[in-house]
Amino acid sequence: MSSQNASSLSLVEVMQTRYQESPYPLYHQLREHDPVYWDEAAHSWVLTRYKDVLSALRDPRFTAARFTFDTSGFPAEFQQAIEPPIRALTRQMLFLDPPDHTRLRGLVSKAFTPRVVEAIRPHIQQLVDQLLDTMQTEGQTDLIEHFTYPLPAIVIAELLGVPPEDRERFIIWSGDFGALLEATDISADDAIRGLYGVNEFIQYFRHLIAQRAQTPREDLLQALINAHEGQDKLSEDELLGNCVLLLAAGHGTTTHLIGNGFLALARHPEQFAWLKAHPEQAPLAIMELLRYDGPVQATSRVATADMQIGDKHITAGQNVIMCLGAASHDPEQFYDPDNLHLDRKENHHLAFGQGIHYCLGAPLARLEAEIAFASLARRLSQAKIADEQAVQWFSGIVFRGLGKLPIVLA
Ligand code: HEM
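Let me sum up the structure you'll find in this document. All of these numbers come straight from a predicted model, not from anything done at the bench.

What counts as what
Sequence positions are assigned chain by chain, starting from 1 and proceeding in written order. Under the rules for a predicted model, residues below a pLDDT of 70 receive no local features and side-chain atom pairs below 80 are neither given nor counted, while totals for whole chains, interfaces and linings still include all residues. Calculation of side-chain values draws on the structure's entire complement of heavy atoms; hydrogens and water are dropped beforehand. Pairing of aromatic rings covers Phe, Tyr and the six-membered ring of Trp, with a centre-to-centre limit of 6.5 Å; geometry is then stacked below 30 degrees between planes, edge-to-face above 60, and tilted otherwise. Only runs of H or I of at least four residues qualify as helices and only runs of E of at least two qualify as strands under DSSP, and these elements are numbered from the N terminus. Sites may look incomplete because water is not among the atoms; the donors themselves are N, O and S atoms within 2.8 Å of the metal, or within 3.2 Å for Na, K and Ca. Each residue's exposure class comes from its accessible area (1.4 Å probe, protein chains only) as a fraction of the maximum for that residue type: buried when under 20%, exposed when over 50%, partly exposed otherwise. Think of it as the arc spanned by the lines of direction from the helix axis to the C-beta atoms. We call two residues in contact whenever any of their non-hydrogen atoms come within 4.5 Å of each other. Near, as used in this document, describes a residue that has one of its heavy atoms within 4 Å of the molecule or strand being considered. Pairs of N or O atoms are called polar contacts if they sit within 3.5 Å, as long as, within protein, a hydrogen donor faces a hydrogen acceptor (for residues adjacent in sequence, only side-chain-to-side-chain pairs). In this classification, the charged set is Asp, Glu, Lys and Arg, the nonpolar set is Ala, Val, Leu, Ile, Met, Phe, Trp, Tyr, Cys and Pro, and all remaining amino acids, among them Gly, are polar.

This paragraph deals with the packing of aromatic side chains. As enumerated under the stated definition, the model contains 11 aromatic pairs in all. Aromatic pair phenylalanine 170 and phenylalanine 201: ring centres 5.9 Å apart, planes at 35°, arrangement tilted. Placement of phenylalanine 170 in helix H10 (residues 167-181) and of phenylalanine 201 in helix H11 (residues 188-214) is noted, with a sequence separation of 31 residues between them. Between tyrosine 204 and phenylalanine 205 the ring centres are 5.8 Å apart and the planes differ by 70°, which places this aromatic pair in the edge-to-face class.

This is the structure we're talking about:
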């Protein structure tokens, strides 16, 4: 079959105002029109069918090595300044293939265990209660600013052993790096700011690691420093790169899960009431909220071999975008995909990815969301959206979340 079939529809449209509220009609059009298509604007193949996205994510003929930043046109001084962050970022497991990926994921998993995550359950509940107590003194508030944004940042900062007085800086760096991950539509200015931010983060963590050599502590950072497999340990660049990854991959995404999820519940009061009546079903409800309006809408890989997907021929070296949000709304896989059913069973959504790069932080994200939603259902199920016009989405090809969610507390 022929290779590149130009289509008038483009995934890049998700950034248009009319798709900010919901990109799912666009995904349906793309899937129905041409489920494996060449997107001229994104310069990539785009997959929107569940079965294609799933098999591509499991296919070893794709490489995850897609983090490139061409600095050749920049002044020497700038190139020098950003060399350390680029070196550390290229050692993040998200952008590596086996055997490097296997080794790094193995070492990080030794430190970031389910036991470490479960141990902070009481503390997350305490943080959630504190944030809600502060919010409940006001009539109208912004849920993003006062709850969904600070919660995951404080959790990951505390896990890594960042002192409370440095949290603010930590949150800014997280935003800088989040912009870098949205690489498909990042401006040059944002990329430069992002790299400078990552550089500051790395300097800061170098300092923290040096302190740990004098005074060891019991936290995730110490566990990462100590993690070993025989003689093998994380190098300093690997340690730094993957600390940045844990922060950045875990902050915005969890913020969006709680924000997008709360909005969905506020717009479906009968579902919110169901969750309030069945708080023990929070884990099931979270899986549906992840499927219904997930924080990560797409990821990408590069083909290392020529291959056939559907009726299209992909050539080695071409980029392929796997549209996770479209896959999670594919009617071939999910009944009534555009409606929220918190009690949905057999919910094999792709919001956490699939295959060897399946989200390493999924247990932490699910735990934070479980505590947050059970508490929100108990304490804020009567809250209303203060002003639908003021609900502010930012929706790129990769991330989807809310910038503002004004609510009125009943
Ligand atoms: C709702 C919240 C979250 C969502 C939706 C999410 C989603 C994802 C997705 C889709 C991937 C795979 C990307 C790909 O295959 O290219 C991924 C990977 C990853 N996530 Fe998450 N994530 C979330 C929270 C977290 C948290 C809390 C952490 C850690 C603190 C984390 C750490 C990671 C890491 C380290 C990877 C890379 C795994 C690897 O390459 O082997 N994530 N995440």
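As a further point, take the coordination of the iron atom of the ligand. In this structure the iron atom of the ligand is ligated by exactly one protein donor, Cys359 (SG), at 2.3 Å. Relative to the assigned elements, cysteine 359 resides in the loop between helix H16 (324-327) and helix H17 (362-380).

Let's shift gears to helix H14 (residues 269-277). Gln271, Phe272 and Leu275 are the residues of H14 that are buried. Burial along H14 is one-sided: seen end-on, the buried residues are contained in an arc of 100°. Relative to its buried face, H14 has exposed residues pointing more than 90 degrees away, namely Pro269 and Ala277. Packing partners of the buried residues in H14 comprise helix H13 (236-267), helix H15 (282-292) and H17.

Its location among the elements puts isoleucine 286 in helix H15. Residue class for isoleucine 286 comes out buried when judged on its relative accessible area of 1%. Sequence-wise, isoleucine 286 and phenylalanine 373 are 87 residues apart; in three dimensions their C-alpha atoms are separated by 8.2 Å. Apart from the residues lying within four places of it in its own chain, the contact partners of isoleucine 286 are Leu257, Arg366, Ala369, Glu370 and Phe373.

Right, let's get into the site of the ligand. Close to the ligand lie 29 residues; His101, Arg105, Thr299, His357 and Cys359 are nearest. Threonine 299 places a side-chain nitrogen or oxygen 2.6 Å from an oxygen atom of the ligand. Counting only elements with at least two residues in the shell around the ligand, the list comes to helix H5 (100-111), H13, strand S7 (298-303) and H17. The biggest single contributor to the shell around the ligand is H13, with seven residues. When the residues that make up the shell around the ligand are grouped by side-chain class, the tally is 18 nonpolar, eight polar and three charged.

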